[in-house]
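Architecture and fold: a report
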Amino acid sequence: MENKQSIETRHQDAMCTNEAEVQHPFWHNLKYLVVGIAFGIVFVKAEIISWFRIQEMFRLQSFFMYGVIGTAVVVGMLSVWLIKKYNIKTMSGETIKFEDKTFSKGQIFGGLIFGIGWAITGACPGPLFAQIGSGFLVVGVTFLSAVAGTWVYGYFREKLPH
Amino acid sequence: MIELIKQPWHWAVAGAIIGLTVPTLLLIGNKKFGISSSLRHICAMCLPANIPFFKYDWKKEIWNLFFVVGVLLGGIIATQFLSNPDTIVIADSTKASLSALGITDFSNLMPSDLFSVENIFTLKGLFFFVIGGFLVGFGTRYAGGCTSGHAIMGLSTLQMPSLIATCCFMAGGFFSANILLPLILKLF
């Protein structure tokens, strides 16, 4: 019962709740570390973490970021379509389930707020980590501030329109 | 080969690899791609402060923290071993507009005019690190996801709310880059 409540809480405002049916030993998490490393390398090598790329994108002065996000969405869509069509299972044989997201006003208000921050910092949460790794240690302050922002959201969540 | 890797990668290559992260995470462990949630798990881990929103078993989501630590390590590896020897190519029009706003350093991925340690306790630091970062953390959680969760994972699974969120990310960004940012930069 307690577990159920924990899952429900976790599900609030989350893109996903990853409640795997199959439990794995702890070292299985290293898989995600490896995927993360590949992801971080792409971020730096395609210069997606650059503040300048974000300015180009929002000033409509370069196609680059639109190309990246557009390609990623198309590849993601095709992959998900294939997984659904052929009912492809995970490595450990689990069925892959997709849940529908429900609409909330948060997607509008929060989306606008994040967009404003994105253009200022030149980073969404992923690139924040890669920027720090790339040697821009000062972005550590941005990161701590982002954690603080998340915390403050959690604190005022019940009072905000959803 | 290594010379080719050291060059900046084409958008189609980067986009394809980022897109492939979606099925990779699904297939290796039924995980839905999302990054901003890591900030929430850090709150739940370090300072839940009895706030209901942070009272859950964050250990169940520890994969997400492994993932973002990987992103950080990837940043180190790419910069230390695979870094592009040439300076970054920025659109001339962007360079011109930013120069007019007082940005002088176009040699690196981030302009040192803004993103340097000396700026931490200045007005620049307040805007670009403290306020900017706060908006990113607050906004992504309020929206229920960021570029990865909504724009990539959400659109890949054809979620209408994610399309709305993505449009709002872009609208906020257009407003911020074209109207707010020039005002902020004029302060210095």
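Here, every reference points to the structure presented above.
What comes next is a walk through the structure. From a predicted model like this one, the values you see are computed outputs, not experimental measurements.

1. Considering the overall build of chain A
For chain A, the count of helices and strands is 7 helices and 0 strands. In terms of principal-axis extent, the alpha carbons of chain A reach across some 45 × 40 × 30 Å. Looking at chain A residue by residue over its 162 residues, the buried ones come to 59%. Looking at chain A alone, contacts between residues at least 24 apart form 45% of all its contacts between residues at least 6 apart. As presented, chain A carries roughly 7,100 Å² of accessible surface, and 66% of it is formed by carbon and sulfur atoms.

2. Concerning helix 2 (residues 30-45) of chain A
Because each turn of an α-helix spans 3.6 residues, side chains separated by three or four positions in sequence point in the same direction. Residue and element names in this part refer to chain A. Its 16 residues give helix 2 an end-to-end C-alpha distance of 23 Å, which sits within 8% of 22 Å, the value for a rise of 1.5 Å per residue. Within helix 2, 13 of the 16 residues are buried, which leaves the element mostly enclosed by the surrounding structure. Backbone geometry just downstream of helix 2 places E47 in the positive-phi region, at approximately 60°.

3. Some remarks on a nonpolar patch on the surface
All names here are of chain A. Together, V74, L78, W81, L82, Y86 and I88 give the surface a local cluster of nonpolar side chains, amounting to about 610 Å² of exposed area. Along the chain, Y86 turns up in the loop between helix 4 (64-85) and helix 5 (106-121). The exposure class assigned to Y86 is exposed, which follows from its relative accessible area of 55%.

4. Overview of unusual backbone geometry
Among all residues except glycine, the phi angle is most often negative; among peptide bonds, the trans geometry is most common. Positive phi outside glycine occurs at A:E47, with the angle close to 60°. Relative to the helices and strands, A:E47 resides in the loop between helix 2 and helix 3 (51-58). A positive phi angle is found at B:N50, which is not glycine, with a value near 60°. Structurally, the position occupied by B:N50 is in the loop between helix 3 (37-46) and helix 4 (62-81).

5. What about the packing of aromatic side chains?
The final tally for this structure, using the stated rule, is 27 aromatic pairs over all chains. Each ring, one from A:F58 and one from A:W118, has its centre 5.2 Å from the other, and the planes form 90°; the classification is edge-to-face. Residue A:F58 is found in helix 3, and its partner A:W118 is found in helix 5; the two are separated by 60 residues along the sequence. Each member of the pair, A:F58 as well as A:W118, is classed as buried. The structure contains a cluster of three or more aromatic residues connected by ring pairs, namely A:F109, A:Y153, B:F53, B:F54, B:F134, B:F138 and B:Y142. One residue, A:R53, lies across the ring of A:F64, its end atom 5.2 Å from the ring centre.

Definitions and limits used
Throughout this description, residue numbers start from 1 for each chain and increase along the sequence as written. Written order determines the labels here, with chains lettered from A and ligands numbered from 1. Owing to the predicted nature of the model, reporting of local features is limited to residues with pLDDT of at least 70; listing and counting of side-chain atom pairs is limited to 80 or more, with chain, interface and lining totals taken over all residues. The basis for every side-chain value is the complete set of heavy atoms in the structure, and neither hydrogens nor water enter the calculation. Going along the chain from the N terminus, every DSSP run of H or I of four or more residues is numbered as a helix, and every run of E of two or more is numbered as a strand. Each residue is placed in one exposure class: buried if its accessible area under a 1.4 Å probe, protein chains only, is under 20% of its type's maximum, exposed if it is over 50%, and partly exposed if it falls in between. Contacts are assigned to residue pairs that have any heavy atoms within 4.5 Å of one another. Areas reported here follow the Shrake-Rupley algorithm with a probe of radius 1.4 Å; residue values treat only the protein chains shown as occluding. Multiplying 1.5 Å by the helix residue count minus one yields the expected span of that helix. Only residues whose relative accessible area exceeds 30% and that form no salt bridge enter a patch; like-charged residues are grouped when within 9 Å of one another, and nonpolar side chains (Val, Leu, Ile, Met, Phe, Trp, Tyr) when within 5 Å. Think of a salt bridge as a Lys or Arg side-chain nitrogen and an Asp or Glu carboxyl oxygen that are within 4 Å of each other. Only Phe, Tyr and Trp rings are paired, with Trp represented by its six-membered ring, and only when their centres lie within 6.5 Å; those with planes under 30 degrees apart are stacked, over 60 edge-to-face, the remainder tilted. A ring is considered to have a charge above it if a Lys NZ or an Arg CZ atom is located within 6 Å of its centre and within 35 degrees of its normal.

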